[in-house]
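Reading the structure
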Amino acid sequence: MSSFLKIALRNLLKGPSTDPYPFGETFVPKGLRGKIKYNAKACIACGMCEHVCAGGAIQIKETADKSGLEFIVWHNTCAFCGLCEHYCPTKAIRLTEDFHTAHSQEDKYRYVERGFIKYVTCARCATPMVPIAPELMTLAYGQVNKDIEKLRHLCPKCRQKQSLR
Ligand code: SF4
Ligand code: SF4
């Protein structure tokens, strides 16, 4: 048998060398920077991600009824630079390995990740405030005891007064 036939037979028996994607599964390289995922419960609305966003894809604004803050990431504007994840102090925003970012032109204004941070009221003065994520307290104090946990429910002014006591 000629070497050509040997190679052809071997390749036929071996099957395809490429992934059947999009008709089947494919692999995702480790560390791939894909679609943004946002966790409103861990977000402290510091605005850092909006500030560093290379593509201007992030917007945080107060809702019309002033009940909280709306968080929006425009997927089709995101450049997958990863700066938001890098600078987020509480890891509330991260890039997933989801690379499925194709969408129709009509969907470009709907292709967004949204979150809502509902204001809570200060336990002492009842001022509306952004809830303080437990992640931030752990970051700031390490071990969170009962006294420190109480600070989570106070607005910045009352927190300051409490800390100075
Ligand atoms: S990955 Fe970069 S471009 Fe995308 S939302 Fe985060 S900071 Fe903005
Ligand atoms: S997602 Fe992170 S960086 Fe962005 S506002 Fe929330 S806490 Fe700050």
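One can find the structure itself at the top, above this paragraph.
Our subject in this report is the structure included herewith. Because the structure is a prediction, the values reported are computed rather than measured.

So, on to the site of ligand 2. Taken together, 14 residues are adjacent to ligand 2, and Cys43, Cys46, Gly47, Cys49 and Cys88 come closest. For the shell around ligand 2, the residue count by class is 12 nonpolar, 2 polar and no charged.

The grouping of Met48, Leu83 and Tyr87 at the surface amounts to a nonpolar patch, some 240 Å² of accessible area in total. Counting through the fold element by element, Tyr87 comes out in helix α3 (residues 83-87).

A word on the sheet that holds strand β5 (residues 112-118). The strands making up a sheet are joined through hydrogen bonds of the backbone, oriented either antiparallel or parallel. Ordered in space as β2-β3-β5, the 3 strands form an open sheet in which the pairing is antiparallel. Only two strands of the sheet have a single neighbouring strand rather than two, namely β2 (58-62) and β5. Adjacent strand axes in the sheet meet at a mean angle of 15 degrees when their direction is disregarded. The pairing of strand β3 (residues 68-74) with β5 spans 7 bridges and is antiparallel. Within the sheet, the bridge partner assigned to Glu70 lies in β5 and is Phe116.

In terms of nonpolar packing, the biggest core is built from 20 residues, with Ile36, Ile58, Phe71, Cys84 and Ile93 touching the most fellow members. Every element with two or more residues in this core is listed here: β1 (36-38), β2, β3 and β4 (93-95). Counting residues per element, this core draws most heavily on β3, which supplies 3 residues. In contact with Ile36, not counting residues within four places along its chain, are Val73, His75, Cys78, Cys84, Ile93, Arg94, Leu95 and Glu113. The next biggest cluster of nonpolar side chains, apart from the first, holds 9 residues, and it includes Cys122, Ile148, Cys155 and Cys158.

Cut-offs and rules
- Residues numbered from 1 in each chain as written.
- Chains lettered and ligands numbered in written order.
- Predicted model: local features only at pLDDT ≥ 70, side-chain atom pairs only at ≥ 80, totals over all residues.
- Heavy atoms only, no water.
- Near = heavy atom within 4 Å.
- Nonpolar A, V, L, I, M, F, W, Y, C, P; charged D, E, K, R; others polar.
- Patch = residues over 30% accessible without salt bridge, like charges linked within 9 Å, V, L, I, M, F, W, Y side chains within 5 Å.
- Areas by Shrake-Rupley, 256 points an atom, 1.4 Å probe, with all protein chains shown as cover.
- Salt bridge = Lys/Arg side-chain N within 4 Å of Asp/Glu carboxyl O.
- Helix = DSSP H or I, 4+ residues; strand = E, 2+ residues; numbered from the N terminus.
- Pairing = 2+ DSSP bridges.
- Axes fitted to C-alpha atoms, helices over the stretch in contact; angles between N-to-C directions.
- Core = buried A, V, L, I, M, F, W, Y, C linked by side-chain atoms within 4.5 Å.
- Buried < 20%, exposed > 50% of the residue type's maximum accessible area, 1.4 Å probe, protein only.
- Contact = heavy atoms within 4.5 Å.

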